[in-house]
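Structural overview for review
Here are the chains, one letter per residue:
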Amino acid sequence: MNPFPDFSSGIPVGRPDVSWIDYVSKPSSAQYVGRPLSKRQIVVATVAVLASFSLILFRAGTLQLFEGNHYRALAEGNRIRRYTIPAPRGIIHDRYGRLLTENVPQMSVALIPFDVPRDDVKRRALFNDMAGPVGITADALEKSWSDLSTSRKLGIEPFVVRANVPSEEGLKIDLLTHQLPGVRVLTTPRRAYPNDDGSGVSLSHVVGYVADVNDADLASGQDYSVENVTGKSGIELVYDKALRGRDGYKEIEVDALGAEQKNFAQVEPLAGTNVWLTIDTDLQNVAENALKKSLERAKVKKGTVIILDPRNGEVLALVSEPSFDADQFTLGLSPTAYQDLATNPDRPLFNRAIQGRYPSGSIIKPVISAAALEERIITPQTTFLSTGGVRIGQWFFPDWKAGGHGLTNLSKALAESVNTFFYIIGGGYQDFAGLGIEKIGIYARRFGLGSPTGIDLPGEANGLIPDPTWKEQVKHEPWYIGDTYHAAIGQGDVLVTPIEMAAELSVFANSGTLYRPHLFLDSDASPKMTIPNTTVVEHVVSDPTINAVRAGLRAAVTSGSARYLNSLPVEVAGKTGTAELGGDHKPHAWFTGFAPYDSPRIAVTVLLEEAGEGSTYAVPVAGDIIRWWAENRYEP
């Protein structure tokens, strides 16, 4: 007998009572532990397994068919990303090529939103780690993060948390934060507005400024990315699309922290169009300084100067005081600082040259003169007696000179700004029939008054030439003869913008053509950029009318209210204006004129708000400007 158990046959050893046949053919319950499953239990188990397997298959199919792209993008986003490369913004120059804008490198600290932890605790820990090196509190970072839209929080475009970081500090921040998830130190271009000569910042109203795109910009349908800037005022806004260029992109491989590992592909951006303006920066600075000097002498703060080339409508200078520094907006203007600018009672952001609406005073008298000549109500020799004003019933309409100016023809009326002459030709007197308000309106509008000039700057206002219908609708009052008298001397409800008056004066300077003032001169775009036709109306009035009015404007300098200008190196013609405001307000001081008289190449319009007499405060500004121009720009 074998002493070792034999399990090779699977038959228990030591059971002589169990035969091989019995073991394999007659199993007994003693051979199993537990109880067998019922048929019902087997069915239930089978159904459960099949249902679970079906559910797994369904979910897998759903993920693959309906959400596959989403998860594929997320997975790919962890490895390959596509970043925008902003296009360099086009440079703006003056007419002689002087830079009015620059693109300067700046360092900034940004977050890649996709890499920022979604868990509140982990995100707060990240912000705590950032706070010291970056110099921003964790609370401020959390606030900036909470202000982001949901779509931005899921994106990979950088979100700048601190801009304009000095280079040395930026390198230090990069060293201290490069292991933090989602934190990046970037070098990007910043728009700058050079002002190195210390002359002032008056070109900020012309050039404007840019700002980061906002949600409204992104939703506008234009081709913006979150890294773009866009023009918000001035030329930067008007020609934004051309200046912006076309962005490029790069595809890179990143690690788990979002750090760049490998560059797969790159498409370089297309730089924006460079633009040249009609502005003469030197002349702009002369005008700014001349205006500031006269404002200080008058002890007021607000005024404007516009200088045009009357031959084509080119704007050589455009000054509005007070002004602002456009660099403030790109260097990072705090909400408090912006609020101070926006609520400043002197309104430095307001471009008085194109947005201000003022009574014209006597500088409208050349238009009234031209209307009367064209309608043959008068000739250049027509004479009226000025005894100090005219009386209609109980109402008296005075001249500015007590006792009057005596016998007055057209030339003397313009030279000495004789109100009586214009009362009569505007509204009539006794048996003399004047123009009437309807014809005054027709000619005023023919000269471009009462509507925007169309200058290529945003926000232009329009003047107002009142009439009986307007007065009835707005003031609910009838029209009186006194309203016509007031309109004939630029008072009452008459309102003009300085740019309207500059364009109107140019008609007399260039012998009859109304041009649209414009700032665009040239560009390096291909094909060339063009601006709309600058000729608005040819032959506004006849040549004899133009010549008669020009003679009166010249007389204003040789013997009238602008005699101060008679000593300049070139012959000047022009018109002063003192626009009354009523109450305790001092009048606005106006002057508008051109030079040289025989072949005008420069037209100057000056306004000082509530300064006093135009001959006292506005004329000297024009004198400084024309003298410099004659000595530095004029070539006979």
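Attention here is on the structure that accompanies the text. For clarity, every value in this text was computed on a predicted model and none was experimentally measured.

Next up on the list: the sheet that holds strand β12 (residues 314–321). What holds strands together in a sheet is hydrogen bonding between their backbones, with the strands either parallel or antiparallel. An order of β12-β11-β22-β21-β20 is seen for the five strands of this open sheet, with the pairing classed as antiparallel. Looking along the sheet, the strands with just one partner apiece sit at the ends: β12 and β20 (573–579). Within this sheet the neighbouring strands show an average axis-to-axis angle of 5 degrees, counted without direction. In the sheet, strand β11 (residues 303–309) pairs with strand β22 (residues 602–608) via six bridges, with the strands oriented antiparallel. Considered in β22, the bridge of glycine 303 is made with leucine 608.

For the coordinates displayed, the defined rule picks out 26 salt bridges. The residue lysine 292 makes a salt bridge to glutamate 288 at a minimum N-O spacing of 3.1 Å. Of the two residues, lysine 292 and glutamate 288 are both situated in helix α12 (residues 281–298); the distance of four residues between them amounts to about one turn of the helix. Owing to a relative accessible area of 1%, glutamate 288 belongs among the buried residues under this scheme. Aspartate 624 is paired through a salt bridge with lysine 293; the nearest N and O atoms lie 2.9 Å apart. You can see aspartate 624 sitting in helix α24 (residues 614–632) and its partner lysine 293 sitting in helix α12, a full 331 residues away along the chain.

Moving on to the environment of tryptophan 145. With respect to the helices, strands and loops of the structure, tryptophan 145 is situated in helix α5 (residues 138–147). In this structure, the C-alpha to C-alpha distance between tryptophan 145 and leucine 111, residues 34 residues apart in sequence, is 9.4 Å. With residues near it in sequence (within four places) discarded, tryptophan 145 still touches Pro113, Val116, Arg118, Arg123, Phe127 and Lys153.

Moving on, we come to the packing of aromatic side chains. Overall, the coordinates contain 15 aromatic pairs when judged by the stated rule. Relative to phenylalanine 520, the ring of tyrosine 239 has its centre 5.5 Å away and its plane inclined at 40 degrees; by these criteria the two rings are tilted. Here tyrosine 239, found in the loop between α10 (234–238) and α11 (240–244), pairs with phenylalanine 520, found in strand β18 (residues 520–523); they are 281 residues apart in sequence, far enough to count as distant. The class for phenylalanine 520 is buried, based on a relative accessible area of 5%. For the pair phenylalanine 384 and phenylalanine 432, a centre-to-centre distance of 5.1 Å together with 80 degrees between the ring planes defines the contact as edge-to-face. Pair noted here: phenylalanine 384 is in strand β13 (residues 384–386) and phenylalanine 432 is in the loop between α18 (419–427) and α19 (436–446), with a separation of 48 residues, a long-range link.

Turning our attention to the packing of α18 against helix α21 (residues 481–488). Here α18 crosses α21 at 125 degrees, and the two axes come no closer than 8 Å. With respect to α21, the axis of α18 lies oblique. Like other packed secondary-structure pairs, α18 and α21 cross with a definite hand, here right-handed. Residues Phe422, Tyr423, Gly426 and Gly427 of α18 form the contact with α21, whose participating residues are Ile481, Thr484, Tyr485 and Ala488. Partitioned by chemical class, the residues of the contact of α18 with α21 number five nonpolar, three polar and no charged.

About the thresholds
- Residues numbered from 1 in each chain as written.
- Predicted model: local features only at pLDDT ≥ 70, side-chain atom pairs only at ≥ 80, totals over all residues.
- Heavy atoms only, no water.
- Pairing = 2+ DSSP bridges.
- Helix = DSSP H or I, 4+ residues; strand = E, 2+ residues; numbered from the N terminus.
- Axes fitted to C-alpha atoms, helices over the stretch in contact; angles between N-to-C directions.
- Salt bridge = Lys/Arg side-chain N within 4 Å of Asp/Glu carboxyl O.
- Buried < 20%, exposed > 50% of the residue type's maximum accessible area, 1.4 Å probe, protein only.
- Contact = heavy atoms within 4.5 Å.
- Phe/Tyr/Trp six-rings, centres within 6.5 Å; stacked < 30°, edge-to-face > 60°.
- Parallel < 35°, antiparallel > 145°, perpendicular 65-115°, else oblique.
- Left-handed = near helix turned anticlockwise from the far one by under 90°.
- Nonpolar A, V, L, I, M, F, W, Y, C, P; charged D, E, K, R; others polar.

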